[in-house]
Amino acid sequence: MPTMLEVTGLGHRYRSKDGEHIALDGLSFDVNAGELVCIVGPSGCGKSTLLRSISGLIRPTSGQVRLHGDVVDGVPSDLAVVFQDYSRSLFPWLSVQRNVEFPLKKSLDKAERRERARQALEQVGLAGAAGKYPWQLSGGMQQRVAIARALAYRPALLLMDEPFASVDAQTRFDLEDLLLRVRREYDTTILLVTHDIDESVYLGDRVVVLSKSPARVVRTLDVDLPAQRDQITTRESEAFVALRSEVARLLHGQPAGDAPTGNGRPSAGRAPAKGKTGTASSAGSTAASSAGSSSGSSEKAASAKAQPSRNGQAANRNRGKGNGAKSRRRGRARR
Amino acid sequence: MRRTVRGLVGLVGFLAVGEVVGRSGIAPPGYLPPSSLVLTRLVELLATRSFVLDLIATVLAWAIALGIAIAVAVPAGLLLGTVPALRHCARSVIEFLRPIPSVALIPLAIMVFGIGPDTKIFLAVYAAVWPILFNTIYAMDEVDPQLVDTARSFGLGRWPVLTRVSLPSAAPFVATGIRLSASVALVVVVSVEFLAGGSGGLGRFVLESSSGSGRMDLVFAGIAVAGIVGYLVNAGLEWAQRKAFVWSAATGEAS
Amino acid sequence: MNAKLKQFLQRWGVFAALVVVWELATRAAVSPFFPTPLTILRTMRDQWLSGPASRLFLSDEVFGDVLPSVGRMLGGWALACVIGVAVGVALGRSRVAMDYVGPLLAFARAIPPPMLVPVFLVLLSIGTPMQLATIIFGTLWPVVLNAVDGARAVDSVKVETARVFRLPRHQWLLGVVVPSALPKIFAGVRVSLSLALILMVISELVGATNGIGYQLIYAQRQFDLPTMWAGIVLLGVLGYLFNTLLLAGERRALSWQPAGRG
């Protein structure tokens, strides 16, 4: 799988009255075509700044972002964003249908726009609400409209900024499953920012864990869960639980090694970072292979994914070049 | 800081354009005096006793009118705002009185009150009552019922709820109404002076400068003074409102 | 429906009752300044509805005074709205431009527009152009300032949404900025409409050879109080009518807003 998005050494600092504030501190990661990568970080760590830099809405103060090879300078033409605040990102004066059509005006004629909007609305299960105004819909439905709008735009990369943070828990589950379904149907590459650990693991092919402000990449984890996920069985699976615990530990600044040992991870403390971990699926093409490699997840208890190693970095540079068998053993730890 | 500088630059630019247009001869001589001449006249006028008296007459009439309008409209608005039945009854009357432009009453008021200050004060009150009245009624309508319920749940009676909850939460709207009324009242005072003459004031000064002698330099200076007065009144009230209702900044946005 | 009917009856019932009280009071007082409502109505009919049936009974005064007045007022107001929205939206989206002209705008708005009548009189002489200039100058500022406010306050998420979808400039302005600012613009437009009525009258009181305001001042000079009152009532009716029409238009244009607003 080719690399869709490369973020290298991305830094952003604001100058405010009380000195300089560093929001992003040299982040690097990439997203391959067809992948769904979740970025998870503590509240206020600069996730939104990161997303805005990637989308070209703001210019980073250092480093660069490449979207299929081209340096991002200004918003790329084949990128869409779904914002957290659907009530503010939808245009209240346009009907649902027209909201979806709105960004297509510049490129498609009326009939095509109609058709695309109709399709997208059907995909998100809102075919019947096309004529309504956003305020007539519930929050979850409004966010579906925003997702439909982004899908109808057919972006190469879809960025999502905490898309489900403003809806209630049940709706969130529904929307998560909806996202997993439509991403397969549209074969979209998605980068999703969230503060919700469970969500990041549930949705992602990979999870990029950020540190507290200023944001740095603590670790990138492969999510070795079956592609077909389910809100109940997936979430109760051992692999899921182990992963989410690990993300949680990383998030709270606790190195995995210092974790309490009472949760089925006996050797976590001492295991040196060898880069051989159960969760490591083929790092290069997670989406394609994760379904087949789910057997590996049972080993996760012994995971030693531990601290970032120099090995890991080197290995990562080779990502996608090696064959599957090799990369399966590679460490995923990244700084 | 930068904004102030830019504002000044804009002002200077405007005056420069006025200067160039005034000297260019686009308009017949004397019709559009250059800015420098107008500014000179303005300074001279501010040192002239009779002009200062005119200025005071205008400002005084305005202040009295606004005071009366507040005294009439705020209690009326509170009453109509808290008693829905009364409001329904009064509505048709208000809706038919309000659109009558105050200036249409000028001929009538002159006949009834003569050309003294009464006329302009009466008409200014008539014009200034409406914004305050409407904003007060609206504000009483908009009082968050949750606030009232909260107060009730702490055992406050009807009167304390009105004075301690409803009034404070309505106050910013009322203040906005007063600010609107203040500029309307000034417009009406000056207009009446201008149309009816006789009773002194800035409006009469402009009228006399133009009709008698065609002194456009004095006309423009008079207009500038009126503009400055209006600007100061509005800016002053805005400032006072911001000071007094710091807490309402956030709630004001939402409505 | 029933509640509506009740409200309607209540409203007009009170109004009718007041007119009756007014009639009785003026009959009792017999003041030359205050003719009875019936007299006023009769005068209005004689004045404006005494024409031939082929012209819907409209008299010459309607064509000679009322329509020119209304035309000037609506024309000036409409021009002011168009100019005001265009200028206001442009200024509202440029912080720098607003920094430069903001104080000037605040000053221009503060000038009582009638005071400019002598200036326009000198430059344009008596007649329609001078009246239009007065009306436009007086009604422009509320529209400009409200449009600036509205355009400036476009929600930041909408701004970013528009940027992400790389909307072309015209779509951004007409499809996002103007609709966002529309509620504010309407507020300004409404203020302007009532100002336009006032300025129409003022400009006719001073420099006109026809129009409602001219009739008004003419009647005053003739001590023809019923005609004067008829003019006042007509102006009230016109004001009410225009405001009602504008409100209906506003409700239509802003129908996308959640109920319970405006």
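Here the structure is shown first, and the text comes after it.
Read on for an overview of the structure. Because the structure is a prediction, the values reported are computed rather than measured.

**Regarding the overall build of chain A**
Helix and strand counts for chain A come out as 12 helices and 10 strands. Pairs at least 24 residues apart make up 72% of the contacts formed inside chain A by residues separated by at least 6 positions.

**Regarding the pattern of salt bridges**
Oppositely charged side chains are able to pair whenever their charged atoms sit close together. For the structure on display, the rule yields 38 salt bridges over all chains. Close ionic contact of A:Glu101 with A:Arg113 constitutes a salt bridge, the shortest N to O distance being 3.6 Å. Here A:Glu101 is found in helix H3 (residues 96-101), whereas its partner A:Arg113 is found in helix H4 (residues 110-123), with 12 residues between them in sequence. Note on A:Glu101: relative accessible area 7%, which makes it buried. A:Arg113 sits in the buried class, given a relative accessible area of 12%. The partner of B:Arg3 in a salt bridge is C:Asp99, and the shortest N-O contact between them spans 3.4 Å.

**A word on the sheet that holds strand S6 (residues 79-82) of chain A**
All names here are of chain A. One open sheet accounts for six strands, arranged S6-S7-S8-S3-S9-S10; its pairing is mixed. With one partner strand each, in any of the chains shown, S6 and strand S10 (217-222) form the two edges of the open sheet. Adjacent strand axes in the sheet meet at a mean angle of 15° when their direction is disregarded. As paired elements, strand S3 (residues 36-40) and strand S9 (residues 206-210) share four bridges and run parallel to each other. Pairing of Ile 39 across the sheet is with Val 208, part of S9.

**A short note on the interface of chain C and chain A**
Taken together, the 21 residues of chain C in the interface contact 27 residues of chain A. Between chain C and chain A the total buried area reaches about 2,300 Å² when both faces are included, carbon and sulfur atoms providing 65% of it. Broken down residue by residue, the surface that chain C buries against chain A is led by C:Val164, C:Phe165 and C:Trp256, which jointly contribute 31%. If you look at where chain C meets chain A, you find two salt bridges. Here A:Arg52 ties to C:Glu160 by a salt bridge, and the two come within 2.7 Å at their closest N and O atoms. For the pair chain C and chain A, the number of links is 12 residue pairs in polar contact (both at pLDDT 80 or more). Class assignment for the residues of the side of chain C that touches chain A results in 10 nonpolar, six polar and five charged.

**Some words on the nonpolar core**
The biggest cluster of nonpolar side chains holds 191 residues, and the ones touching the most others in it are A:Leu179, A:Leu192, A:Leu203, A:Val209, A:Val247 and C:Val176. Among the domains, domain 1 (3-78 + 166-328) and domain 2 (88-154) of chain A are the pair contributing at least three residues each to this core. Not counting the four nearest positions on each side in its chain, A:Val209 is found in contact with A:Val40, A:Arg216, A:Val217, A:Val218, A:Arg219, A:Leu221, A:Val247, A:Leu250 and A:Leu251. Listed in part, the 35 residues of the second largest apolar core include A:Leu24, A:Leu57, A:Val65 and A:Leu159.

**Remarks on the packing of aromatic side chains**
Tallying each qualifying case throughout the model produces 14 aromatic pairs over all chains. With a centroid separation of 4.8 Å and 75° between ring planes, the pair formed by B:Phe51 and B:Phe205 is classed as edge-to-face. Taken together, the residues span a long stretch of sequence, with B:Phe51 in helix H3 (residues 49-82) and B:Phe205 in helix H9 (residues 202-211) at a distance of 154 residues. Accessibility assignment for this pair places B:Phe51 and B:Phe205 in one class, buried. Residues C:Tyr214 and C:Tyr218 carry aromatic rings whose centres are separated by 6.1 Å and whose planes lie at 25° to one another, so their mutual orientation is stacked. In this pair, C:Tyr214 and C:Tyr218 both sit in helix H9 (residues 212-221), four residues apart, roughly one turn of the helix. On the basis of relative accessibility, which here comes to 28%, the residue C:Tyr214 falls in the partly exposed class. Note on C:Tyr218: relative accessible area 44%, which makes it partly exposed. Through a chain of ring-to-ring contacts, the aromatic side chains of A:Phe91, A:Trp93, A:Phe102 and C:Trp256 assemble into a single cluster. Sitting over the face of the ring of A:Tyr202, A:Arg235 holds its NZ or CZ atom 4.7 Å from the ring centroid.

Cut-offs applied
Residues numbered from 1 in each chain as written. Chains lettered and ligands numbered in written order. Predicted model: local features only at pLDDT ≥ 70, side-chain atom pairs only at ≥ 80, totals over all residues. Heavy atoms only, no water. Helix = DSSP H or I, 4+ residues; strand = E, 2+ residues; numbered from the N terminus. Contact = heavy atoms within 4.5 Å. Salt bridge = Lys/Arg side-chain N within 4 Å of Asp/Glu carboxyl O. Buried < 20%, exposed > 50% of the residue type's maximum accessible area, 1.4 Å probe, protein only. Pairing = 2+ DSSP bridges. Axes fitted to C-alpha atoms, helices over the stretch in contact; angles between N-to-C directions. Buried area = accessible area lost by both parts, 1.4 Å probe. Polar contact = N/O pair within 3.5 Å; in protein donor to acceptor, adjacent residues only side chain to side chain. Nonpolar A, V, L, I, M, F, W, Y, C, P; charged D, E, K, R; others polar. Core = buried A, V, L, I, M, F, W, Y, C linked by side-chain atoms within 4.5 Å. Domains from an automatic or database assignment. Phe/Tyr/Trp six-rings, centres within 6.5 Å; stacked < 30°, edge-to-face > 60°. Lys NZ or Arg CZ within 6 Å of the ring centre and 35° of its normal.

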